[in-house]
Amino acid sequence: MNYIGWLIVFVIFAALELVSLGLTCIWFAVGALAACVTSLFTGNWIIQAIVFIVVTVVVLIFLRPIAMKYINNKAEKTNVESMEGKIGKVISEIDNINAKGMVQIDGMDWTARSRENEVIREGALVEVISVEGVKVIVKEVKNSK
């Protein structure tokens, strides 16, 4: 294949990467660019294909982890993911059997259930164990009054 064919392959993979934005096709585009450069030195399409495959695999194995580290390093926890471990105050007695209970955490009211089906009195401090749907699962902080 001549260099124009490899440039077309490069453009196709680059365009697919622009559409997906998932760092999936860019590695093939780099391989196609290397094969394009190789085609300027040799007309042997087998050598060009080997360069394409080798460069694609090497770049994929060695550069993808580095790129993913720097691109995805700004991920922040969502409100729900950051709830575990927070302390809240019971504003309505928590009773799993009667399906009632509310806690206030960071100024927001949440429906609450106790972890071990215990009744937790109003005014007690609780720690969030997990979030299940729109309910927080809590346990009482034993030193609360």
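Novice: So what about the sheet that holds strand β4 (residues 125-132)? Which residues, and what values?
Specialist: Taken together, the 5 strands give a closed barrel; going around it, the order is β1-β2-β3-β5-β4, and neighbouring strands pair in mixed fashion. With direction set aside, neighbouring strand axes in the sheet form an average angle of 50°.

Novice: I'd like to hear about the nonpolar core, residue by residue, with values.
Specialist: Counting 13 residues, the largest nonpolar core has Val-90, Ile-94, Val-103, Ile-105, Ile-120, Val-136 and Val-138 as the members making the most contacts within it. Put simply, the parts of the chain that give this core at least two residues each are β1 (87-95), β2 (100-105), β3 (108-114), β4 and β5 (135-140). Leave out the neighbours within four places in its chain, and Val-90 touches Met-102, Val-103, Ile-120, Arg-121, Glu-122, Gly-123, Ala-124 and Val-126.

Novice: Account for helix α2 (residues 26-39), with residues named and values stated.
Specialist: Compared with an ideal rise of 1.5 Å per residue, which puts 14 residues at 20 Å, α2 spans 20 Å between its outermost C-alpha atoms and is within 8% of the ideal. Along α2, the residues that are buried comprise Trp-27, Ala-29, Gly-31, Ala-32, Ala-34, Ala-35, Cys-36, Thr-38 and Ser-39. Packing partners of the buried residues in α2 comprise α1 (3-20) and α3 (45-71).

Novice: If you had to explain unusual backbone geometry to someone new, which residues and values would you point to?
Specialist: We note that Ala-99 has phi near 50°; this positive angle belongs to a residue other than glycine. When you line up the elements, Ala-99 lands in the loop between β1 and β2. The phi dihedral of Asn-117 is positive, around 55°, even though this residue is not glycine. What makes Asn-117 exposed here is its relative accessible area of 56%.

Reading guide: rules and limits
Residues numbered from 1 in each chain as written. Predicted model: local features only at pLDDT ≥ 70, side-chain atom pairs only at ≥ 80, totals over all residues. Heavy atoms only, no water. Pairing = 2+ DSSP bridges. Helix = DSSP H or I, 4+ residues; strand = E, 2+ residues; numbered from the N terminus. Axes fitted to C-alpha atoms, helices over the stretch in contact; angles between N-to-C directions. Core = buried A, V, L, I, M, F, W, Y, C linked by side-chain atoms within 4.5 Å. Buried < 20%, exposed > 50% of the residue type's maximum accessible area, 1.4 Å probe, protein only. Contact = heavy atoms within 4.5 Å. Expected span 1.5 Å × (residues − 1).

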